[in-house]
There are 2 protein chains.
Amino acid sequence: MPTISKEDYLKAIYRIADENEKESTVTTSEVAEMLDVSKAATSEMVQRLSELGYLNHERYKGVKLTDEGMRTALNIIRRHRIWELFLTDVLGLSWNEVHAEAELLEHSTSDFLIEKLDEFLGHPRFNPHGEPIPDRNGNLPEQPALLPLSCCETGKEYRLAKVLDDSLELMNYFTGIGLALNVKVLVKSRLDYDNSTVLCINGTNHNLSEKAGNNLFFLPENDEGYFYHSRVHQGARKKAEVKNSKKSPGRTGA
Amino acid sequence: MPTISKEDYLKAIYRIADENEKESTVTTSEVAEMLDVSKAATSEMVQRLSELGYLNHERYKGVKLTDEGMRTALNIIRRHRIWELFLTDVLGLSWNEVHAEAELLEHSTSDFLIEKLDEFLGHPRFNPHGEPIPDRNGNLPEQPALLPLSCCETGKEYRLAKVLDDSLELMNYFTGIGLALNVKVLVKSRLDYDNSTVLCINGTNHNLSEKAGNNLFFLPENDEGYFYHSRVHQGARKKAEVKNSKKSPGRTGA
DNA sequence: GTTTAAATTTAAGCATTCCTAACAAAAAAG
DNA sequence: CTTTTTTGTTAGGAATGCTTAAATTTAAAC
Ligand SMILES: [Mn+2]
Ligand SMILES: [Mn+2]
Ligand SMILES: [Mn+2]
Ligand SMILES: [Mn+2]
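Residue positions within a chain follow its written sequence, with the count starting from 1. All chains are assigned letters beginning at A, and all ligands numbers beginning at 1, according to the order in which they are written. For a predicted model such as this one, the threshold for reporting local features is a pLDDT of at least 70, and the threshold for listing and counting side-chain atom pairs is 80 or more; totals across whole chains, interfaces and linings nevertheless cover every residue. The side-chain numbers reported here are obtained from all heavy atoms of the structure, hydrogens and water having been left aside.

## Side note on the protein's contact with DNA strand D
Every one of the 23 residues lining DNA strand D counts as a neighbour, but A:T3, A:K6, A:S38, B:S29 and B:Q47 are closest to it. Working definition: residue near molecule or strand if any one of its non-hydrogen atoms lies within 4 Å of it. The sugar-phosphate share of atoms of DNA strand D within 4 Å of the protein amounts to 75%. The term polar contact refers here to a pair of N or O atoms within 3.5 Å; inside protein, the definition further demands a hydrogen-donor-capable atom paired with an acceptor-capable atom, and it admits residues adjacent in sequence only when both atoms are side-chain atoms. Note that a phosphate oxygen of DNA strand D is positioned 3.0 Å from one of the side-chain N or O atoms of A:R48. In the model, a phosphate oxygen of DNA strand D is placed 2.9 Å from a nitrogen or oxygen of the B:T28 side chain. Think of it this way: any DSSP run of H or I at least four residues long counts as a helix, any run of E at least two long counts as a strand, and we number them from the N terminus. Going through the elements one at a time, α1 (4-19) and α3 (39-51) of chain A together with α2 (28-35) and α3 (39-51) of chain B are the ones with two or more residues in the surface near DNA strand D. Charged means Asp, Glu, Lys or Arg here, nonpolar means Ala, Val, Leu, Ile, Met, Phe, Trp, Tyr, Cys or Pro, and polar covers whatever is left, Gly included. Of the residues in the surface near DNA strand D, the class split is eight nonpolar, nine polar and six charged.

Structure below.
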């Protein structure tokens, strides 16, 4: 049961390692930047988390999550993403409003409560941004390889499969130009000068910088119309529907 | 936006003043005991909260909430009780499981999110323990005068209208003997020796100590079958029912 | 291979929030 | 009206988590 700070550090370290794919050692500077704290603060916290057994730390080199650290980080990410899905699908918030709320709620939710939410939502596999939700044992759902915008070829059609939600401003912009999960886009052209991309969304062209595009991940559009974002686990949906329909029993009868 | 600690102190001060009815000055010791911290810690925090304008403090006498302190305290209580009702009515937790969860969630919930929850629940007026939920402006719903068990007369019937949920152990015991909101009870007898009361619940007799009984509040049972616990505000129910039925739109269509 | 630059850690200090022990004021007992 | 007990405040100290500034180590340039 780490503190809120420790949970946020562990989550940041996981996310950085996850983005780096290979080379899973995470540096002090990367963590400091993601959490918007000083490198000194990060250096101190890294030492404390190592003493607590969440990290392996090689001085001046970087850190890796231990098994315990990985379990803990995945559990926090699970709580975060389950709350995000709850906020959109049950309370009707929009996908750009939920990240900030979940950033707080993730630290105030017992495992018991998360299991109840998970069951209520029908054991969802992806959050509203297309990010995978670890199950209670820390296992991630299978995901096909996704292409960042910079890897999408001109003249081809794709569907948006995932958005990184770190910047609220960027999420608002994406929403404004009509981007949403599973929306079909056509890659019109790419400027070699700055590696920006022109996308056609709902008949309108938009130019996205390389940096902005790196937050968008696509699946090639094929004629099978395959959506990998089935929201719930196989077999869980029926159960969820029953549960949802018997809600709010009404304590008084009046 | 006080810290979690400050919010819990303000809430405790409100609750103590509320229980004391008249004589609304709250002492350091009372706060220290409710929050299970030292008197020294309370004394320090009281001074800080006074400097911040939440309290008026007369040294060695006690504290009263300022208007700002009252507003803040009622807002935290609103968050707490809305979460409690959500947890029972939507997620299906039992009334003795929700207080501890809400004690954390109350500090991680924006006003924006609370309004969404409030709307989803249909602007409820009471939490699962029969405690009133302040509206967004801090106004409490009307409540008829309730009788603590010690004031209930032998030979008469009552309905349980409110339970104080400070002790999980006590809540579990109450649940075990069949007590729930609006349950009808018959007061069989009272022992002058220790002021304990024998209650008949669902045909079985149970002896409750004076201290335990002080956590239970009743309404006289009259033949009109009047339940004051209508869960939602007048006029809000229809809206809530519509909202509840269109839940979980299902993002994929699959 | 030095020298310079960048990344990392350590040092010193501040704000919160808690503790125990010592002290001061108020209330209760006698 | 003293004396004793209870209540409330202050003092001193610890842990957490952050800051800026000063080392220290590693990496990059020349
Ligand atoms: Mn998120
Ligand atoms: Mn967070
Ligand atoms: Mn409660
Ligand atoms: Mn609380």
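Alright, that's what it looks like, and here's the rest.
## A word on the coordination of the manganese ion (ligand 3)
Residues and elements named next belong to chain B. Only nitrogen, oxygen and sulfur atoms count as donors, using a 2.8 Å cut-off from the metal that widens to 3.2 Å for Na, K and Ca. Water is left out, so coordination shells may look unfilled. Protein-derived ligands of the manganese ion (ligand 3) are H80 (NE2), E84 (OE), H99 (ND1) and D165 (OD), with the metal-ligand distances lying across 2.1 to 2.2 Å. Counting the intervening residues between successive donors of the manganese ion (ligand 3) yields the motif H-x3-E-x14-H-x65-D. Here H80, found in helix α4 (residues 67-89), pairs with D165, found in the loop between β4 (157-163) and α7 (168-176); they are 85 residues apart in sequence, far enough to count as distant. For the pair formed by H80 and D165, the shared burial category is buried. Any residue under 20% of the maximum accessible area for its type is buried, any over 50% is exposed, and the rest in between are partly exposed; the area is computed with a 1.4 Å probe on protein chains only.

## Structural notes on the packing of aromatic side chains
Only Phe, Tyr and Trp rings take part, Trp by its six-membered ring, and two of them pair if their centres are within 6.5 Å. Stacked means planes under 30 degrees apart, edge-to-face means over 60, and tilted covers everything else. Applying the stated rule across the entire model yields eight aromatic pairs over all chains. For the pair A:W83 and B:W83, a centre-to-centre distance of 5.6 Å together with 75° between the ring planes defines the contact as edge-to-face. Of the two residues, A:W83 sits in helix α4 (residues 67-89) while B:W83 sits in helix α4, which places them in two different chains. Taking relative accessible area as the criterion, A:W83 reaches 1% and is therefore assigned buried. When the ring of B:Y158 is compared with that of B:F218, the centres are 6.3 Å apart and the planes differ by 65°; the resulting orientation is edge-to-face. Residue B:Y158 is found in strand β4, and its partner B:F218 is found in strand β8 (residues 216-220); the two are separated by 60 residues along the sequence. When its relative accessible area of 3% is taken as the criterion, B:Y158 is described as buried. Chaining the aromatic ring pairs together yields one cluster made of A:W83, A:F86, B:W83 and B:F86. When the ring centre of A:F217 is taken as reference, the NZ or CZ atom of A:K162 above it lies at 5.0 Å. The criterion for a charge sitting over a ring is simple: Lys NZ or Arg CZ within 6 Å of the ring centre, and within 35 degrees of the ring normal.

## Observations regarding the protein's contact with DNA strand C
Taken together, 23 residues are adjacent to DNA strand C, and A:T28, A:S29, A:Q47, A:H57 and B:T3 come closest. The contact atoms of DNA strand C, taken as those within 4 Å of the protein, divide so that sugar and phosphate hold 71%. In the environment of DNA strand C, a phosphate oxygen lies 3.2 Å from a nitrogen or oxygen atom belonging to the side chain of A:R59. Residue B:K6 places a side-chain N or O atom 2.8 Å away from a phosphate oxygen belonging to DNA strand C.

## Examining the sheet that holds strand β4 (residues 157-163) of chain A
Think of a sheet as strands paired side by side through backbone hydrogen bonds, with each pair either parallel or antiparallel. All names here are of chain A. Here, any two strands with at least 2 DSSP bridges between them count as paired. Judged by pairing direction, the sheet is antiparallel, and its six strands sit side by side in the order β3-β8-β4-β5-β6-β7 without closing on themselves. The open sheet is flanked by β3 (147-148) and β7 (204-208), the only strands paired with a single partner. Here five bridges tie strand β6 (residues 196-201) to β7, and the two strands are oriented antiparallel to one another. By the bridge assignment, V198 is partnered in β7 with N207. For this analysis, residues touch if any pair of their heavy atoms sits within 4.5 Å. Only the stretch in contact is used when fitting a helix axis, every axis being a line fitted to C-alpha atoms; angles between N-to-C directions are given from 0 to 180 degrees. Helix-sheet contacts for helix α7 (residues 168-176) involve β4, β7 and β8 (216-220), and the interaxial angle to β7 is about 160°.

## With respect to the coordination of the manganese ion (ligand 2)
Coordination of the manganese ion (ligand 2) by the protein is provided by A:D8 (OD), A:E103 (O), A:E103 (OE), A:E106 (OE) and A:H107 (NE2), with metal-donor distances spanning 2.0 to 2.4 Å. Note on A:E106: relative accessible area 0%, which makes it buried.

## Regarding the sheet that holds strand β3 (residues 147-148) of chain B
Residues and elements named next belong to chain B. Sheet architecture is open: six strands sit in the order β3-β8-β4-β5-β6-β7, paired in antiparallel fashion. Edge positions in the sheet fall to β3 and β7 (204-208), since each of these pairs with one other strand and no more. The sheet contact formed by β4 and strand β5 (residues 184-191) spans three bridges and is antiparallel. Bridge pairing in β5 links E157 to L186. Where α7 meets the sheet, its contacts fall on β4, β7 and β8, and the angle it forms with β7 comes to roughly 160°.

## Remarks on the pattern of salt bridges
Residue and element names in this part refer to chain A. When a carboxyl oxygen of Asp or Glu lies within 4 Å of a side-chain nitrogen of Lys or Arg, that pair is called a salt bridge. Per the stated rule, a full pass over the model turns up 26 salt bridges over all chains. The partner of R78 in a salt bridge is E115, and the shortest N-O contact between them spans 2.9 Å. Taken together, the positions of R78 in helix α4 and E115 in helix α6 (residues 111-121) put the pair 37 residues apart, joining distant regions of the chain. In this structure E115 comes out as partly exposed when scored by relative accessible area, which is 22%. Connected through salt bridges with shared partners, the residues R78, E115, D118 and R136 form a single ionic network.

## Things to note about unusual backbone geometry
All names here are of chain A. Positive phi, close to 50°, is recorded for H123, a residue that is not glycine. With respect to the secondary-structure elements, H123 resides in the loop between α6 and β3. At N202, a position not held by glycine, the phi torsion is positive, near 55°. Within the secondary structure, N202 sits in the loop between β6 and β7.

## A look at the confidence of the model for chain A
Per-residue pLDDT for chain A averages 89, and the proportion of residues at 70 or more is 87%. Each residue carries a pLDDT score, the predictor's confidence in it, ranging from 0 to 100. Low confidence marks residues 234-254 of chain A, where pLDDT is under 50. Its contacts with residues over four positions away, or in another chain, come to 40 contacts.

## Observations regarding the domain arrangement of chain A
We note that the domain assignment places domain 1 (4-65) and domain 2 (147-222) within chain A. Where each domain begins and ends is defined by an automated method or by a domain database. Centre-to-centre, using C-alpha coordinates, domain 1 of chain A lies 30 Å away from domain 2 of chain A.

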